[in-house]
Number of protein chains: 2
Amino acid sequence: MRSSQYLLSTLKEDPSDAELISHKLMLRAGMIRKVASGLYTWLPTGLRVLRKVENIVREEMNKAGSVEMLMPSVQPSDLWEESGRWDQFGPELLRFVDRHQRDFCLGPTHEEIITSVIRDELSSYKQLPANFYQIQTKFRDEVRPRFGVMRSREFIMKDAYSFHIDDESLEQTYQKMHQAYCNVFDRIGLDYRPVLADTGAIGGSNSHEFHVLAESGEDAIAFSTESDYAANIEKAECLAPEGEAPAPTQDIEKVATPNCRSVKEAAESMGIETRDVLKTLFVEGASEEQPVVALCLRGDHELNEIKASKHELIADPLVLVSDETVKATAGCAPGSCGPQDLKIPVIADRDAAVMSDFACGANEDGYHLKGVNWKRDAEYTDVFDLRNIVAGDKSPDGKGVLEIKRGIEVGHIFQLGDKYSKSMNCTVLDQNGKAKPLSMGCYGIGVSRIVAAAIEQNHDENGIIWPESIAPFKVAIIPMNMHKSENVQQVAEALYQRLESLGIETLFLDQKESPGVMFANTELVGIPHRLVVSDRGLKNDTIEYKNRDNSDKADLEVAKVVDYIQSKINNN
Amino acid sequence: MRSSQYLLSTLKEDPSDAELISHKLMLRAGMIRKVASGLYTWLPTGLRVLRKVENIVREEMNKAGSVEMLMPSVQPSDLWEESGRWDQFGPELLRFVDRHQRDFCLGPTHEEIITSVIRDELSSYKQLPANFYQIQTKFRDEVRPRFGVMRSREFIMKDAYSFHIDDESLEQTYQKMHQAYCNVFDRIGLDYRPVLADTGAIGGSNSHEFHVLAESGEDAIAFSTESDYAANIEKAECLAPEGEAPAPTQDIEKVATPNCRSVKEAAESMGIETRDVLKTLFVEGASEEQPVVALCLRGDHELNEIKASKHELIADPLVLVSDETVKATAGCAPGSCGPQDLKIPVIADRDAAVMSDFACGANEDGYHLKGVNWKRDAEYTDVFDLRNIVAGDKSPDGKGVLEIKRGIEVGHIFQLGDKYSKSMNCTVLDQNGKAKPLSMGCYGIGVSRIVAAAIEQNHDENGIIWPESIAPFKVAIIPMNMHKSENVQQVAEALYQRLESLGIETLFLDQKESPGVMFANTELVGIPHRLVVSDRGLKNDTIEYKNRDNSDKADLEVAKVVDYIQSKINNN
């Protein structure tokens, strides 16, 4: 591509409204432009990268035996009513009426459509397993779109759906798709981790997220130092400490802790560590009979709302009760609560249950108790895993301890089971001639988000450093003073034509621009291989080569440049 | 692809709700399924064809120097308000509000977005000409979607937009795009015609449509028998007849024509030909001063509303007035009107103006006049081209006469001029440093519609006969009784693997099905080359070859099959 016939559209300055580095660089490198909140135009450079990601995803899906189809983005409400999601889905689902006043939505996901297709097309277990995908523009009406294409409203997703006669078959395809996802991220060249995940609103039993590791990631992920265990901290289990709570050594004592509103303030006031304080929280119960439940955690631990909400006595999703309800239940403000003498269920975190001689609120404003011990002074109804994992915790698989890193979620796979096939009556005849609801898996990759995630992981102060697999161009040719030197022009032109004829995507900077601007642009856009053609070099029959990550720089003989580039590209 | 891992989903019976042959065949061949009115899922076979069309379009656009980008499908109202189209566009524009009650639409076309991108990115005439395209899902809320993907609400379009400092540059790019369109349809292998077209609501000066010729086409196209002149009959000019109206030979005479409501009935009643009757129609005028205008045409000619509306005295779009207004203007019902003594402008069609001794309504219910002559008995204000061309008319370029055929519009290119750039203030600095609104072209191809149009032109009683360029698979392998014969299975399997390894897309019918079903399916789906592996053939070391259009059938030596297929494919 000649820059004179292209739209490079780079920006010198950081755009003021972009926080994230990938958002800034995508604007500066001329990859995207904002049309409205959460809506972007992909300029030519951005689209080239997007299509490369898309192609890698497509090839790996095909290899995994998933078959491509394409469903409409506009979906009729009746299918969503069958699944029950028309009412369940929040305002992220953009709903509208057509000219005949019929209800439709813009698809954020396609479980309903594919289930309706499959129930019409498949009738026998002999046609299973089946696995289909599409790569398509989706829409989620995010309340606060931000970070450019990382959290936009319109985005491109690969979504796949598999259908099975039983869960064993689902498990096999799930593993195949897990591997295909690893292949995608390996081929792109990203540092990523598949992690155990919560299934959330989509439902189902087993689920993995794929995270690109980056400091700016919105998710925290826990990894074992000694095994391949990895999980979103939403999901990561905290093992029960070994042994029981030590026997009491102290008597209970009531101390004044005036104006202490937090565990930290109370601990300081009492001259002890936060880990020696038991904190008590009140949340809504799952039943009308037990509308309030107390949760007890070690003072230095954080409540994990997703894990806690899985307890049968606790409402899902978890909701903290109002201060008025706390007062009515415990007789004091939230800062002074404790488990003693409560008339409601008390659920202790596994680590809280092995504390002894601890401090906790006295259920009287401005007072705490010290030297408290379970059984002797207070009772819990149940022990449960309620807290977020922290770095240094033991890995749930028993191997090593956990580290925590930030990740950007770029893929998510689910074993849905019969959630959709049951409500939408998607059955086939099984081996015994009986109608059986299918077991389903679903598998998403955020194609446009991968582009941003790759930048978060691969950049320096001068711009993007693309993995070669998804670079918009492989090679940039910079001719120095081409408009004055016929020699430079001829050599650069010949080199460009030769590289293009070999199918090596090359950006030829053929416009009248200063070398400084051309260097800055090729670094900003992140083109892996740069060739500078100059009179000074040609005097020695050389062209200057440099690669974007600064790992290689050389003056190459003109006749050997193309071979050198080819060997570089093939090695990557 | 093995059929066991695919979704062939063919139907034996014609679906009851499909009128058009392409719609029937796309349903029967498992290419599409309806999700809701005008909304379709592209099943794997349909998508394979769609992607092939898309790739040919993409390659030809790239060759023509158009650069791909991707704009959002959801568009904010403010840009449409700038262009004035938010109010102008009818209910085909699907409008909705997002969760923050802001107005958006689903894009049926992208002039507004591209113009806003370009006004921000380009600043100098030196950056011109520029030419961008996208291949994208569009939405038009058709009042009555029908004919499957031929007139669906969600569809895939390639839309391109070019920007120029002046109309000469626009004309050059327009010609280049015209050629690129011809290349696309040539490569696909369609019988098509580029025809002069009306610019319609999009506006601008020059315009061509590209029509695939098919009897089911919605448009009528006029062609010269002796030149390459071709135009949509909406647009095709009717030359003025040579010479003037002959001198009168008859006296005017009033005759009773009771109960005659049409020209045909009146002519029969008077015992003359319809071509000797002048018909008079009343339409709304362009100004308040002249709210009604009379149009006169030869009785056997049809009014062309689009051409007529271009007359300065006639409202655009053309509107026939009510019977009450006719009565108030002419003193009678529409069936008895004539031009005599009207107090409003009378515009005569070119052919009507050279009539003499003609019949026409007497402006009195139930009466006509005979022997009427212009000037002596009635006056016209102006002569204008008001009628549809008919077969046998002279070609407007003076070469030969016109034939009329039916066509399916699959492409449309426009010279828009400054319609959008002026209203949206899209300017660059010209050679003199002055801000100048850009001259714009726009260029559309209906990617999904091409799939249906190709079928309209290429089918027989057994199904689709794909042009090889867009066939979903090149080769079908039918193994006879594979589940009983190990030999058949081994030979078929080896053949399949060899063809796939050569990149020849092959459908291997590896499911337990009767030969009749397999033959019917491959014919229905339209796979160009069919190979039948049977014990009977293998006894003679042969495999049976047949191509879909029945032009070739042969028993091939097993060892020579692959070469034969390769030579067949390369020759196409």
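Residues numbered from 1 in each chain as written. Chains lettered and ligands numbered in written order. Predicted model: local features only at pLDDT ≥ 70, side-chain atom pairs only at ≥ 80, totals over all residues. Heavy atoms only, no water.

Another point: the relation of the copies chain B and chain A. The transform that puts chain B on chain A rotates by 180° and translates by 0.1 Å along the axis, for an RMSD of 0.2 Å. Here the two chains are linked by the operation of a two-fold rotation axis. Looking at the rotation axis and the C-alpha trace of chain B, the residue lying nearest is phenylalanine 96 of chain B, at 3.0 Å. Taken as a fraction of all interface residues of chain B, those also at the interface in chain A reach 100%, which identifies the copy contact as same-surface. (Least-squares fit on C-alpha atoms with pLDDT ≥ 70 in both. Contact = heavy atoms within 4.5 Å.)

All names here are of chain A. Of all the six residues making up strand 29 (residues 542-547), five are buried; the element is thus mostly covered by neighbouring parts of the structure. Sheet topology places strand 28 (residues 529-533) next to strand 29; four bridges connect them, and they run antiparallel. Across the sheet, residue leucine 531 finds its bridge partner in strand 29, namely tyrosine 545. Bridging between strand 29 and strand 30 (residues 553-557) involves five bridges; their strand directions are antiparallel. Bridge assignment links isoleucine 543 to a residue of strand 30, and that residue is leucine 556. (Buried < 20%, exposed > 50% of the residue type's maximum accessible area, 1.4 Å probe, protein only. Helix = DSSP H or I, 4+ residues; strand = E, 2+ residues; numbered from the N terminus. Pairing = 2+ DSSP bridges.)

Moving on to the interface of chain B and chain A. Interface size is commonly expressed as the accessible area that is lost once the parts come together. Contacts between the two partners involve 53 residues from chain B, matched on the other side by 53 residues from chain A. A combined buried area of about 4300 Å² lies between chain B and chain A, and 63% of that area is made up of carbon and sulfur atoms. Together, Leu70, Arg99 and Glu121 of chain B form the three largest contributors to the area buried by chain B at its contact with chain A, with a combined 16%. For the pair chain B and chain A, the interface holds eight salt bridges. Across the salt bridge formed by arginine 99 of chain B and glutamate 92 of chain A, the nearest N and O atoms sit 3.4 Å from each other. With five residues, helix 2 (residues 44-63) of chain B is the single largest residue contributor to the side of chain B that touches chain A. Within the side of chain B that touches chain A, the residues separate by chemical class into 33 nonpolar, seven polar and 13 charged. (Buried area = accessible area lost by both parts, 1.4 Å probe. Salt bridge = Lys/Arg side-chain N within 4 Å of Asp/Glu carboxyl O. Nonpolar A, V, L, I, M, F, W, Y, C, P; charged D, E, K, R; others polar.)

It is worth spelling out the packing of helix 1 (residues 21-28) of chain A against helix 11 (residues 447-457) of chain A at this point. Residues and elements named next belong to chain A. Viewed as axis vectors pointing N to C, helix 1 and helix 11 meet at an angle of 105°, and their least axial separation amounts to 8 Å. Between helix 1 and helix 11, the crossing angle belongs to the class labelled roughly perpendicular. On helix 11, the residues touching Ile21, Ser22, Leu25 and Met26 of helix 1 are Val451, Ala452, Ile455 and Glu456. Of the residues belonging to the contact of helix 1 with helix 11, the class tally is six nonpolar, one polar and one charged. (Axes fitted to C-alpha atoms, helices over the stretch in contact; angles between N-to-C directions. Parallel < 35°, antiparallel > 145°, perpendicular 65-115°, else oblique.)

A few words now on the sheet that holds strand 13 (residues 253-256) of chain B. All names here are of chain B. With antiparallel pairing, three strands are arranged side by side in an open sheet as 13-18-17. A strand with exactly one partner marks an edge of an open sheet, and here the two such strands are strand 13 and strand 17 (358-361). Strand after strand, the sheet turns through a mean of 30° between neighbouring axes, direction not considered. Pairing of strand 13 with strand 18 (residues 367-372) involves four bridges; the strand directions are antiparallel. Looking at strand 18, one finds that alanine 256 is bridged to tyrosine 367. Most of the contacts of helix 7 (residues 263-270) go to strand 18, to which it runs at about 70°, and overall it touches strand 13, strand 17 and strand 18.

Before going further, it helps to spend a moment on helix 13 (residues 515-525) of chain B. Residues and elements named next belong to chain B. Turning to helix 13, its buried residues number three or more, namely Met518, Asn521, Thr522, Glu523, Leu524 and Val525. The elements touched by buried residues of helix 13 are helix 1 (21-28), helix 2, strand 25 (463-464), strand 26 (475-479), strand 28 (529-533) and strand 29 (542-547). Glycine 526 lies just past helix 13 and shows a positive phi near 80°.

What follows deals with the packing of aromatic side chains. Centre distance and the angle of the planes are the two values used to describe a pair of aromatic rings. Taken as a whole and assessed by the stated rule, the structure comprises 23 aromatic pairs over all chains. Seen in terms of ring centroids, tyrosine 181 of chain B and phenylalanine 210 of chain B are 5.1 Å apart; in terms of plane orientation they differ by 45°. Their pairing is tilted. Here phenylalanine 210 of chain B lies in strand 10 (residues 207-213) and tyrosine 181 of chain B lies in helix 6 (residues 167-188), a separation of 29 residues in the sequence. Taken together, Tyr181, Phe185, Tyr192 and Phe210 of chain A form an aromatic cluster joined through their ring pairs. Just above the ring of tyrosine 367 of chain A sits the side chain of lysine 254 of chain A; from NZ or CZ to the centre is 5.0 Å. Lying over the aromatic face of tyrosine 420 of chain B, lysine 419 of chain B brings its terminal NZ or CZ to 5.4 Å of the ring centre. (Phe/Tyr/Trp six-rings, centres within 6.5 Å; stacked < 30°, edge-to-face > 60°. Lys NZ or Arg CZ within 6 Å of the ring centre and 35° of its normal.)

With 208 residues, the main nonpolar core has Phe185 and Trp466 of chain A together with Phe185 and Trp466 of chain B as its most contacted residues. Each residue touching phenylalanine 185 of chain B, except ones within four places of it in the same chain, is listed here: Leu190, Tyr192, Phe210, Val410, Ile445 and Ile450 of chain B. (Core = buried A, V, L, I, M, F, W, Y, C linked by side-chain atoms within 4.5 Å.)

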